[in-house]
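Here's the letter readout for the chains.
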Amino acid sequence: MRLRVVDLETSGGDRSAEILEVGIVDVTPDGAGGWVAAAPVTKLFRPRGEISFHAMAVHHLTPEHFCEDDPHCDEYRLREMFLPTPADVMVAHSARFERGFIADTAHGGLPWICTVRAAKNVWPEAPGHSNQVLRYWRGLRLDPALADPAHRAGPDAWVTAHLLIDMLKVATVEQLLAWTNEKRRLDRIPFGKHRGQPWTAAPEDYLRWMAGQGDMDADVVAAARQELDRRVTALAGASDAG
């Protein structure tokens, strides 16, 4: 089995952004009951548009990093990276982000493991579940030449690969896939002006707005719709009782 860890750096924070850098680390069985990470593979892609200053502040990729001969990133270029050596599972830290930029057709429709979701099940007591927090909390001793700097695609994929290997000591690939696909239980509203409040406290018009957003976190949309359904059921029950 080949687990393909991927990390992206992009020109901005929304779906209109472009991929600037792809990092890949393949994780395979080591023949002794464990797993081993291959050397990172990275590639830069020249953006067609501008790089936001917020993005530059994260990964420090600027226009000066790209040459006129560097290709733009598209599905064909991604397929060139993913398909020559087929994998069985795609992996990313907070995989929702990478999946927003990588079409299923670019990698053959493989399932995904999200190491954030998996880590919250394996290590719920962790002080945080970001790549770097988990790296140091788990005491991973990684070669700085491969693991640094943070927020570049190759190093971040290398860190994620070793977190994955650490998780696979106590969980199976199938368990990680199942945790990835579970719907999150959101007991409270996670953002916005009603952040931290229980769903029952949110105004109905706010819930309807959230439920109608096509580009919002799917679990948040599901939670808003569930609360709306609960209210309809409760109202119907009260009417029947009256």
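Predicted model only: the values in this text are computed from it and were never measured. (Residues numbered from 1 in each chain as written. Predicted model: local features only at pLDDT ≥ 70, side-chain atom pairs only at ≥ 80, totals over all residues. Heavy atoms only, no water.)

> Could you clarify how one ought to interpret the overall build of the protein in this entry?
From N to C terminus, the protein includes 10 helices and six strands. The C-alpha extent of the protein, read off along each of the three principal axes, is 70 × 45 × 35 Å. Within the protein, the proportion of its 242 residues that are buried is 46%. In the protein, the share of contacts with a sequence separation of at least 24, taken over all contacts with a separation of at least 6, comes to 56%. Carbon and sulfur atoms make up 52% of the accessible area of the protein, which amounts to about 13,100 Å² in all. Once the 27 positive and 34 negative side-chain charges of the protein are each reduced to a mean point, those two points are 5 Å apart. (Helix = DSSP H or I, 4+ residues; strand = E, 2+ residues; numbered from the N terminus. Buried < 20%, exposed > 50% of the residue type's maximum accessible area, 1.4 Å probe, protein only. Contact = heavy atoms within 4.5 Å. Areas by Shrake-Rupley, 256 points an atom, 1.4 Å probe, with all protein chains shown as cover. Lys, Arg positive; Asp, Glu negative; His and termini not counted. Charge placed at Lys NZ, Arg CZ, Asp CG, Glu CD.)

> How should the packing of helix H4 (residues 115-122) against helix H8 (residues 173-181) be read in this particular structure?
To characterise two packed helices, one gives the angle between the axes of the helices and the distance between these axes. Packing of H4 against H8 brings their axes to within 8 Å, and their N-to-C directions diverge by 105°. Considering the angle they form, H4 stands roughly perpendicular to H8. For the pair H4 and H8, the contacting residues are Arg117, Ala118, Asn121 and Val122 in the first and Leu176, Trp179 and Thr180 in the second. (Axes fitted to C-alpha atoms, helices over the stretch in contact; angles between N-to-C directions. Parallel < 35°, antiparallel > 145°, perpendicular 65-115°, else oblique.)

> Could you clarify how one ought to interpret the nonpolar core in this entry?
Within soluble globular proteins, side chains that are nonpolar generally end up buried alongside one another. One finds Leu3, Val5, Val27, Leu164, Met167 and Leu176 to be the most contacted residues of the largest nonpolar core, which totals 31 residues. Counting residues per element, the ones that place at least two in this core are strand S1 (3-10), strand S2 (19-29), strand S5 (89-92), H4, helix H7 (153-167) and H8. It is H7 that provides the largest number of residues to this core, a total of eight residues. Residue contacts for Val5: discarding those within four places in its chain leaves Gly23, Ile24, Val25, Val27, Val91, Ala157, Thr160, Ala161 and Leu164. Counting 22 residues, the second-largest nonpolar core is a separate cluster that includes Val22, Leu78, Ala87 and Ala95. (Core = buried A, V, L, I, M, F, W, Y, C linked by side-chain atoms within 4.5 Å.)

> Sorry, what's going on with unusual backbone geometry here?
Peptide bonds are mostly trans, and most non-glycine residues show a negative phi. The residue after Asp148, namely Pro149, is reached through a cis peptide bond having omega 0°. Summarising the element assignment, Pro149 is placed in the loop between helix H6 (144-147) and H7. Phi at His60 takes a positive value of approximately 65°, unusual for a residue other than glycine. Residue classification places His60 among the exposed positions, given a relative accessible area of 53%. Of note, the phi angle at His151 is positive, near 70°, even though the residue is not glycine. Judged by relative accessible area, His151 falls into the partly exposed class, the value being 39%.

> Help me out: how do you make sense of the pairing of S5 in this one?
Here is the key point about a regular strand: its side chains alternate between the two faces of the sheet. Residues of S5 alternate between two faces, with Val89 and Val91 on one and Met90 and Ala92 on the opposite face, all of them buried. Where S1 lies against S5, three bridges are found, and the strand directions are parallel. Among the inter-strand pairings, Leu3 is bridged to a residue of S5, identified as Val89. One ladder, built from three bridges, connects S5 with strand S6 (residues 112-114); its direction is parallel. Among the inter-strand pairings, Ala92 is bridged to a residue of S6, identified as Cys114. For the handedness criterion, the β-α-β arrangement of S5, helix H3 (residues 95-101) and S6 is classed as right-handed. (Pairing = 2+ DSSP bridges. Right-handed = clockwise from strand over helix to strand, strands pointing away.)

> Is there a simple way to think about the pattern of salt bridges in this case?
A side chain of one charge can pair with a side chain of the opposite charge if their charged atoms are brought near each other. Taken as a whole, this structure holds 11 salt bridges when the rule is applied. With a shortest N-O distance of 3.7 Å, Asp166 and Lys169 are connected by a salt bridge. Its salt-bridge partner being Arg231, residue Glu227 comes within 2.7 Å of it at the nearest N-O pair. Of the two residues, Glu227 and Arg231 are both situated in helix H10 (residues 218-241); the distance of four residues between them amounts to about one turn of the helix. Through salt bridges with shared partners, one network takes in Arg2, Arg4 and Asp26. (Salt bridge = Lys/Arg side-chain N within 4 Å of Asp/Glu carboxyl O.)

> In this structure, what is going on with the environment of Thr105? I would like to understand it.
In this structure, Thr105 sits in the loop between H3 and S6. Judged by relative accessible area, Thr105 falls into the partly exposed class, the value being 47%. As for Thr105 and Glu75, which are separated by 30 residues in sequence, their C-alpha atoms are 7.9 Å apart. Not counting the four nearest positions on each side in its chain, Thr105 is found in contact with Glu75 and Arg79.

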